[in-house]
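# Notes for the structure review
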Amino acid sequence: MLDRDLLTAGLAPVGIVPDDDLCRRLDVYAHLLVEWNEKMNLTAITDPVGVTVKHFTDSLLAAPHLPERAFTLIDVGTGAGFPGVPLALYRPDCILTLLDSLQKRLVFLETVCRELGLPVRLIHARAEEGGQRPDLREQYDVATARAVAALPTLSEYCLPFVKVGGRFIALKGPDAGREQEDAARAVTTLGGRVTQTVSHTLITPEGEGMERRLVLIDKERPTPAKYPRHGSKIAKQPL
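Residues numbered from 1 in each chain as written. Predicted model: local features only at pLDDT ≥ 70, side-chain atom pairs only at ≥ 80, totals over all residues. Heavy atoms only, no water.

Pairing is mixed across the open sheet formed by seven strands, whose spatial order is β3-β2-β1-β4-β5-β7-β6. Looking at the sheet topology across the chains shown, the edges are occupied by β3 (120-124) and β6 (192-203). For this sheet, the mean angle separating the axes of adjacent strands, direction not counted, is 20 degrees. Two elements, strand β2 (residues 94-100) and β3, share five bridges in a ladder whose sense is parallel. Counterpart to Leu-98 in the pairing with β3 is Leu-122. (Pairing = 2+ DSSP bridges. Helix = DSSP H or I, 4+ residues; strand = E, 2+ residues; numbered from the N terminus. Axes fitted to C-alpha atoms, helices over the stretch in contact; angles between N-to-C directions.)

Shown next, in the form of structure tokens:
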């Protein structure tokens, strides 16, 4: 099901060459995604081109911005496992945690990771609850999130998980510039600093262009203890 040529072409601009093992495991992942999607709503994208471009290639665009050494990563609001699972498959020195508020998604991800031989810690919690847990708070070198919330809200969800000296990678679309402006106060308040925004355009064989932006936020100071707030307050009064 995986379109290897399409994956290779899509990752070439960032210097990633997918090897046989990565492609084999992504292919297994793709088949499980489609199979389980018939039983639960995991994704609207199930065709080989869509899965290859919009899930796998998109997720792996974050790989060049991971630490060079072994690292811990938490994927917040992971859904069907993107971008956390593809990144951990590409980087076997990644110690992976997947957090989601829906248990049924974690059941799917438990199966995926077992089939792929991928060690993982699965956390059933809302992000704002997990961010206050001592065993999760400021314990990770990297936090990632994709298609979860606007950046001001997403920063409050994710930065509390990141160690000082670590990084939050937000995978966003073409509105990332406006979201970044809106999130400036939140990022600073939560102890972070936007260090880079990286733009990519994903192209399908039909010529469709999909603009993607990675917002890289480095954690410079501890997050104040009162953050993250309760989910209702975050929604009503974003930082």
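Turning our eyes to something else, we now look at the nonpolar core. Counting residues in hydrophobic clusters, the biggest one holds 49 residues, and the most contacted among them are Leu-26, Tyr-29, Phe-56, Val-85 and Phe-108. Element by element, the count of residues in this core is highest for helix α2 (residues 20-37), at eight residues. The contact partners of Phe-108, leaving out residues within four places of it in the chain, are Tyr-29, Leu-32, Leu-33, Trp-36, Met-40, Leu-42 and Ala-80. Residues Leu-99, Phe-168, Ala-176 and Ile-217 belong to the second largest nonpolar core, which totals 29 residues. (Core = buried A, V, L, I, M, F, W, Y, C linked by side-chain atoms within 4.5 Å. Buried < 20%, exposed > 50% of the residue type's maximum accessible area, 1.4 Å probe, protein only. Contact = heavy atoms within 4.5 Å.)

What follows deals with the side chain of Lys-172. By secondary structure assignment, the location of Lys-172 is in strand β5 (residues 162-172). In terms of polar contacts, Lys-172 uses its side chain to reach the backbone carbonyl oxygen of Ala-149, at 2.7 Å. When near neighbours in sequence (up to four residues on either side) are disregarded, Lys-172 contacts Ala-149, Ala-150, Leu-151, Leu-154, Glu-179, Arg-212, Arg-213 and Val-215. (Polar contact = N/O pair within 3.5 Å; in protein donor to acceptor, adjacent residues only side chain to side chain.)

A few words now on the pairing of strand β7 (residues 209-219). The pairing of β5 with β7 spans six bridges and is classified as antiparallel. Bridge assignment links Lys-172 to a residue of β7, and that residue is Arg-213. Note: β6 against β7, eleven bridges, orientation antiparallel. Bridge assignment links Gly-192 to a residue of β7, and that residue is Lys-219.

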